[in-house]
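Chain by chain, the residues:
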Amino acid sequence: MSNKKLAIIATKGTLDWGYPPFILASTGAALGYDVEIFFTFYGLQLLKRDMNVSVSPLGNPGMPMPMAMDKWFPVIGTAIPGMQSIMTAMMKQKMKSKGVASLDELRDLCLEAEVKMVACQMTVDLFDLDPRDFIEGVTFGGAATFFEFAGESDISLYI
Amino acid sequence: MANFDQELDASGLNCPLPILRAKKSLAGMSAGQVLHIIATDPGAVKDFEAFAKQTGNELMESKEEGGKFVFLIKKS
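Here the structure is a predicted model, which means the values were calculated and not measured. (Residues numbered from 1 in each chain as written. Chains lettered and ligands numbered in written order. Predicted model: local features only at pLDDT ≥ 70, side-chain atom pairs only at ≥ 80, totals over all residues.)

## With respect to the nonpolar core
Part 1: In this structure, Ile8, Ala25, Ile37 and Phe39 of chain A together with Ile37 of chain B are the most contacted members of the largest nonpolar core, which totals 50 residues.
Part 2: Looking at which element gives the most residues to this core, the answer is helix H1 (residues 15-30) of chain A, with seven residues.
Part 3: Beyond its immediate chain neighbours, meaning those up to four positions away, Ile37 of chain B contacts Leu8, Ala10, Pro18, Ala22, Phe71 and Ile73 of chain B. (Core = buried A, V, L, I, M, F, W, Y, C linked by C-beta atoms within 7 Å. Buried ≥ 20, exposed ≤ 12 C-beta atoms within 10 Å, placed from the backbone. Helix = DSSP H or I, 4+ residues; strand = E, 2+ residues; numbered from the N terminus. Contact = placed C-beta atoms within 7 Å.)

## Some words on the interface of chain B and chain A
Part 1: Listed as interface residues are 11 residues of chain B and, on the opposing side, 11 residues of chain A.
Part 2: Elements represented by at least two residues in the side of chain B that touches chain A include exactly helix H1 (17-27) and helix H2 (44-55) of chain B.
Part 3: For the side of chain B that touches chain A, the element with the highest residue contribution is H1 of chain B, accounting for four residues.
Part 4: Looking at the side of chain B that touches chain A residue by residue, the class counts come to six nonpolar, four polar and one charged. (Nonpolar A, V, L, I, M, F, W, Y, C, P; charged D, E, K, R; others polar.)

## Some words on the sheet that holds strand E3 (residues 58-65) of chain B
Residues and elements named next belong to chain B.
Part 1: Spatially, four strands are ordered E1-E2-E4-E3 in an open sheet, and the strand pairing comes out mixed. Two strands close off the open sheet at either side, each with one partner strand: strand E1 (6-10) and E3. Ignoring strand direction, the axes of neighbouring strands in this sheet form an average angle of 15°.
Part 2: Of the pairings in the sheet, the one linking strand E2 (residues 34-39) to strand E4 (residues 68-74) comprises six bridges and is antiparallel in character. The residue of E4 that forms the bridge with Leu35 is Ile73.
Part 3: Against the sheet, H1 contacts E1, E2 and E4, and its axis sits at roughly 160° relative to E1.
Part 4: Its contacts with the sheet place H2 against E2, E3 and E4, and it is angled at close to 175° to E3. (Pairing = 2+ DSSP bridges. Axes fitted to C-alpha atoms, helices over the stretch in contact; angles between N-to-C directions.)

And the structure:
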């Protein structure tokens, strides 16, 4: 019997949105799925060796803040320089204290489990990204490459 | 408490780490051997049920013990 297949498109390059693709891919692999993630647009940030991703409170009304700050802190305040790095540091600290894996750790677990990572060639060119900045094992392809795998997959997710 | 061959302490770890660590431990064991897992993530209870169902490894025991969740999984 051939394995079940999970195909994911990762389009977001922020600390919070980096989690779903890597959590689902690593868990899918642990459950015996063959997994492929197609990274496109901002999702390509998740392939960088130095994955310097952050989370921004700016224009992010669904983001819970410490001390329920999102309820009383003026929206304009979220645009203050430095807010983004403060919120990113706080988010990372919170995740660590709750035993949530770091993105790097989850990505390593994915690689260990042989999750296939495909970078969208078109967006790599569009944003002038240097493939040498990416982790090893990444392959490059286009939409048709994604369909080759997704067409046979049992689950297909756009994140 | 049944006998077990290997132990995994996943205390303090959150989803999906207990499952991923268990998978890794099981990979190094042989068929019929039993893995004893300790976790503190309440989500692990349902997750290990689902893990066992989908991987064919048998969940022999799942219980709460002194605020921790304890599982016995037999490798298929």
